[in-house]
Amino acid sequence: MVNTNTLSIRYLKTIGIVNNGFNGRGFANPYDVAFGPDGEIFVLNRCDPARRSAIRVGVCNLDEEYLYEFGYGFGDGDGQMTLPVAMAFDAEGRLLITDEHTSRVNIYSNKGDVVSKWGVKGDSEGEFNGPAGIAVDSAGLVYVCDQRNHRIQKYTSEGKFLSQWGVRGSEPGEFNLPWGIGVDISDNVYVADWRNDRVQKFDSSGQYLETIGGSGEGSLNRPSGVSVDRNGNIYVTDWGNERLQVFDSNGKAISSMRGEATLSDWAKDFFESNQDEMETREISNLNPDIPDHLNTPYHISSQTESYFWGPVSVRIDSNNRLYVVESNRHRIQIYEIE
Amino acid sequence: MNKDVSLMAHLMRRAGFGATRNELEGYLEDGYEATVDNLLDPGESGHMPDDIIRRYHVDQSELRQLDGAGAYWLYRMLTTSNPLEEKLALFWHGLFATGYAKLNQARALLNQIEMFRHYGFGSFRDLLVELSRDPAMILWLDNNENHKEAINENYGRELLELFSMGIGNYSEDDIKECAKAFTGWTLGNAEYMSVRASKDSIWPYGRIAWHYEYRADDHDGGEKKFLGKVGNFNGEDIVDIIVTQEATARFLSTRLFQYFASDEVDSDGELVISGMMEAYFQSGYKVSAVLRSLFNSDYFKSDKCMYSRVKGPVESVVGTVRLAGTYQEPTLDVHSLWAQTMFMGQGLLAPPTVEGWHEGVEWIDSGSLVERINFAAKELSDPTKDGVKDIIRRVTSNQKDLSDPEKLVDSCLDYMGPIQVQPDTREGLIEFAESQGAVQIQNGQPDENASIQVARLIGMIASTREYQLA
């Protein structure tokens, strides 16, 4: 729980359990979430190589009901995905999913029907080299982090190229393998400039405005995702530090969170039928001290189940709830913002 | 064939995974002994950065499963600037063989490998203490079941027999006393972790990595008699006694000799091993000193030592891929490389037993040989691969005419290693080169067809018996 004069972030619950199979309840290396019109939570499962034939989107709700799922297999055919990274609903309610391997954006209906796709590999206008984060502004325009071209591209929702900005570099307005992207209520654009260890803020035309988390308190280490609440507070999944870093609307660091996951309903169901694991778990210390040679955020998170581990995306729903997606723990930690 | 180049190539086949001609030229500028020193004390190694790997490969970030963990280690071997660090870690992995099958915990194995990198060149004493604290080893040899009131001898026995002294140098009583000294050396949350490992449970949120824990209340603090010494020994005290033994010096030196110099130890080899043992004691049990003694010995540099070892499968895969110049960036199918090591009989992180792999000629049977040849020939006969392109460029540059098949074969053998082959192998390669027709060079450049011809010859050289020797 975080409390400042202007902001309260309260842990609500955890949804998820590792899915070791090819379908059904649970997640397989989730990479992003998006929110449907009727309370649906869409979860993008990137999947490990052993399960890649079942690459898919799973749909559940806040009550942890697993509603349905869709996927068309691993590959570059219609509707198929290879290395999906991020997703967002466009203004027409269609789901856009980036794929950094096929260098395209796949478009689905919110029931999972294949609608269309756009993008090919390249470095010209309208082409991608490893598209990653995706966001849609209030006018329905689409922003994509074109990772290995180190730029942002702006499109209509039909995939018509509008503009681009950025080149490889570390100066303001330049990028190094950007990952996540978010927009605020004024349509300013925030980019998780991954290998420059910062978030950059731009106006909707790509004009550079400021750098967030580049140094000092709250300095970031390989940020993966960024979202902004209605009051302008900025939430960053600080992937390299395995934490959620929060900044106010002036870019001042106001909070840092390591995660506080609890058992999801699906996890509780598992322990109901595996009492031997529950009994030994109850006598365990799940917040251990770590040996010096493994004393890094990554290794600490690998041993501390409640902490964020592999936080790859942060998104905010229409009810001001914050979702942190953890690829390595196959779950989503949910917080309420007040 | 230039002797300096040939000797440096030999060193790098043994202390690394082979070297490209570009790499060899760099090492030759430093000279042999300075290269040995750099290999033994390289500072921070360069390799493909972890963040780049983890962003691309979710499985290598989570490291829940064996293939992803194996692929992660292969990336380190394929891209490291200090190949001896990885080669030595691979040696320790074979000697202190700990396998996935019982643990169901890939990350704990990789953490053990990281420990080998950290301690592998230093004091053998420190290495054995860390090994005794290693969570994967503790579960692998049941030291979590070694209690004050009921000892489990498994770790104590293997520490003496397989890890330090060798059979015949201690008694059954020594084993019991050793086991008592290691009571209380366990892993955190041992009960929960044991249940999860035994059921291969990944629920609810993936695996939880393991850590060492010392339970003083489960340690036998009583008097023990071990190898003639008496005291209230704890585990460190036992290791302190072990490392002073001549049998330990001989065991370690012999195993290092067999891995880095020659599968067979003859009378000349015995002399080298004596020198290595001396270095062991003089340096305060430093592994780097033992290896320096070996690499700088006349025996190691002799013709007798060259090509006297069969490459292990991992050496073979890594050496071939490094020569081909592939997998230098995250690559979708990298886990299939790990599968190759399995098909060839050396599944990385999955040794068959605590005794590790049977090495030398036992690496080769008809099935694994076919896998080796197919893999190497496929990797190296592709003229679009950067490393192959470089060999083709060197073979063809400044050449007006490559129509002489003998000259072409000798040039390819030179730039692929140099690789020394038997006369009948060379004859066979010349016949193959002839059968392809003359390689045409125009304006000092090979045309597309010429590149394909040279690449096929390179692939054919990778199929020879000699290519499988280090």
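## Notes on the overall build of chain A
When helices and strands are tallied, chain A shows three helices and 25 strands. Whereas a compact globule of 338 residues would reach a radius of gyration of roughly 20 Å, chain A reaches 19 Å, a difference of no more than 12%. Each principal axis of the C-alpha atoms in chain A carries an extent, and together these give about 60 × 45 × 40 Å. With 338 residues in all, chain A has 47% of them scored as buried. The contacts in chain A between residues at least 6 apart in sequence include a share of 44% that link residues at least 24 apart.

## Thoughts on the overall build of chain B
If you tally the helices and strands in chain B, you get 26 helices and six strands. Whereas a compact globule of 470 residues would reach a radius of gyration of roughly 23 Å, chain B reaches 24 Å, a difference of no more than 12%. A principal-axis box enclosing the C-alpha atoms of chain B has dimensions of 80 × 55 × 40 Å. Taken over 470 residues, chain B has a buried fraction of 53%.

## Regarding unusual backbone geometry
A cis amide bond, omega 5 degrees, links Trp203(B) with the succeeding residue Pro204(B). Within the secondary structure layout, Pro204(B) lies in the loop between helix H14 (190-199) and strand E2 (212-214). Omega for the bond connecting Gly417(B) with Pro418(B) falls within 30 degrees of zero, at 10 degrees, which places this linkage in the cis form. Residue position: Pro418(B) is located in the loop between helix H24 (405-416) and helix H25 (423-436). We note that Ser103(A) has phi near 55 degrees; this positive angle belongs to a residue other than glycine. Along the chain, Ser103(A) turns up in the loop between strand E8 (95-99) and strand E9 (104-108). Its 22 C-beta neighbours within 10 Å are what place Ser103(A) among the buried residues. Unusually for a residue other than glycine, Asp197(A) sits at a positive phi of about 55 degrees. Examined against the element boundaries, Asp197(A) turns out to sit in the loop between strand E16 (189-193) and strand E17 (198-202).

## What to know about the sheet that holds strand E12 (residues 142-146) of chain A
Residues and elements named next belong to chain A. Sheet architecture is open: four strands sit in the order E11-E12-E13-E14, paired in antiparallel fashion. The sheet terminates laterally at strand E11 (131-136) and strand E14 (161-165), the two strands that pair on one side only. Shown here is a sheet whose adjacent strand axes are inclined to one another by a mean of 20 degrees, direction ignored.

## Topic: the sheet that holds strand E20 (residues 234-238) of chain A
Residues and elements named next belong to chain A. Ordered by their spatial adjacency, four strands build an open sheet running E19-E20-E21-E22, and the pairing between neighbours is antiparallel. Of all the strands in the sheet, just strand E19 (225-228) and strand E22 (253-257) have a single pairing partner and so form its edges. Neighbour-to-neighbour, the strand axes of the sheet open up by a mean angle of 20 degrees, direction not taken into account.

## Some thoughts on the confidence of the model for chain B
Mean pLDDT over chain B works out to 96, with 100% of the residues at or above the 70 mark. Predicted as a complex, the structure gets a pTM of 0.97 and an ipTM equal to 0.97.

## Focus on the interface of chain B and chain A
The partner chain A presents 37 residues to the 29 residues of chain B that form the contact. Where the side of chain B that touches chain A is concerned, the elements lending two or more residues are helix H5 (58-62), helix H6 (66-79), helix H9 (106-119) and H14 of chain B. For the side of chain B that touches chain A, the residue count by class is eleven nonpolar, eleven polar and seven charged.

## As for the nonpolar core
Counting 144 residues, the largest nonpolar core has Leu74(B), Leu294(B), Ile458(B) and Ile461(B) as the members making the most contacts within it. When residues of this core are assigned to their parent elements, the largest contribution, nine residues, is made by H6(B). Ignoring sequence-local partners within four residues, the contact set of Leu294(B) consists of Leu256(B), Phe257(B), Phe260(B), Ala261(B), Val272(B), Met276(B) and Phe300(B). Residues Ile15(A), Tyr323(A), Val324(A) and Tyr335(A) belong to the second largest nonpolar core, which totals 73 residues.

## Observations concerning the pairing of E14(A)
Every other side chain in a regular strand lies on the same face of the sheet, so the side chains alternate between the two faces. Residues and elements named next belong to chain A. Summarising the sheet, strand E13 (residues 151-155) and E14 pair through four bridges and their orientation is antiparallel. Across the sheet, residue Tyr155 finds its bridge partner in E14, namely Phe161. The antiparallel pairing of E13 with E14 creates a hairpin that spans five residues between the two strands, and Gly159 there sits at a positive phi of about 90 degrees.

## Things to note about the environment of Leu349(B)
All names here are of chain B. Structurally, the position occupied by Leu349 is in the loop between helix H21 (335-343) and helix H22 (366-380). Taking C-alpha positions, Leu349 is 7.2 Å from Thr98, a pair spaced 251 residues apart along the chain. Once residues within four sequence positions are removed from consideration, Leu349 is found in contact with Leu66, Ala69, Gly70, Tyr100, Ala106 and Leu109.

## Section: the pairing of E8(A)
Residues and elements named next belong to chain A. Among the five residues that make up E8, five are buried, leaving the element largely enclosed by the rest of the structure. Going residue by residue along E8, you find Leu95, Ile97 and Asp99 tucked away on one face and Leu96 and Thr98 tucked away on the opposite face as well. Sheet topology places strand E7 (residues 84-89) next to E8; four bridges connect them, and they run antiparallel. By the bridge assignment for E8, Met87 is matched with Ile97. Across five bridges, the pairing between E8 and E9 is antiparallel. Paired with Ile97 across the strands is Asn106, a residue of E9.

## Considering the packing of H25(B) against helix H26 (residues 448-461) of chain B
Residue and element names in this part refer to chain B. Between H25 and H26, the least distance of the axes is 10 Å, while the angle of their chain directions is 155 degrees. The orientation of H25 with respect to H26, classified from their angle, is roughly antiparallel. Classified by chirality, the crossing of H26 by H25 is right-handed. Packed against H25, whose contacting residues are Leu429, Phe432, Ala433 and Gln436, the element H26 presents Gln453, Arg456, Leu457, Met460 and Ile461 at the interface.

## What about helix H18 (residues 287-295) of chain B?
Residues and elements named next belong to chain B. H18 sits mainly inside the fold: nine of its nine residues count as buried. Buried within H18 are the following residues: Val287, Ser288, Ala289, Val290, Leu291, Arg292, Ser293, Leu294 and Phe295. For H18, the secondary structure elements touched by its buried residues are helix H1 (3-15), helix H3 (32-40), helix H10 (124-133), helix H16 (246-260), helix H17 (267-282) and helix H19 (298-301).

## Structural notes on H1(B)
Taking 1.5 Å of rise per residue, the 13 residues of H1(B) would be expected to cover 18 Å, and the 18 Å separating its terminal C-alpha atoms lies within 8% of that figure. Within H1(B) the residues assigned to the buried category are Met8(B), Ala9(B), His10(B), Leu11(B), Met12(B), Arg13(B), Arg14(B) and Ala15(B).

## A closer look at the packing of H1(B) against H3(B)
Residues and elements named next belong to chain B. Where H1 meets H3, the closest approach of the two axes is 11 Å, and the angle between their N-to-C directions is 15 degrees. Taken together, the axes of H1 and H3 are roughly parallel relative to one another. Helix-helix and strand crossings are classified by hand; for H1 and H3 the assignment is right-handed. Across the interface between the two elements, Leu7, Met8, Leu11 and Ala15 from H1 touch Tyr32, Thr35 and Leu39 from H3.

## Side note on the environment of Ser45(B)
Residues and elements named next belong to chain B. When you line up the elements, Ser45 lands in the loop between H3 and helix H4 (50-56). Spatially, the C-alpha atom of Ser45 lies 6.5 Å from that of Thr80, the residues being 35 residues apart in sequence. Other than its neighbours up to four places away in sequence, Ser45 contacts Thr80, Ser81, Asn82 and Glu85.

Conventions adopted
- Residues numbered from 1 in each chain as written.
- Chains lettered and ligands numbered in written order.
- Predicted model: local features only at pLDDT ≥ 70, side-chain atom pairs only at ≥ 80, totals over all residues.
- Helix = DSSP H or I, 4+ residues; strand = E, 2+ residues; numbered from the N terminus.
- Rg over C-alpha atoms; globule rule 2.2 N^0.38 Å.
- Buried ≥ 20, exposed ≤ 12 C-beta atoms within 10 Å, placed from the backbone.
- Contact = placed C-beta atoms within 7 Å.
- Pairing = 2+ DSSP bridges.
- Axes fitted to C-alpha atoms, helices over the stretch in contact; angles between N-to-C directions.
- pLDDT = per-residue confidence, 0-100.
- Nonpolar A, V, L, I, M, F, W, Y, C, P; charged D, E, K, R; others polar.
- Core = buried A, V, L, I, M, F, W, Y, C linked by C-beta atoms within 7 Å.
- Parallel < 35°, antiparallel > 145°, perpendicular 65-115°, else oblique.
- Left-handed = near helix turned anticlockwise from the far one by under 90°.
- Expected span 1.5 Å × (residues − 1).

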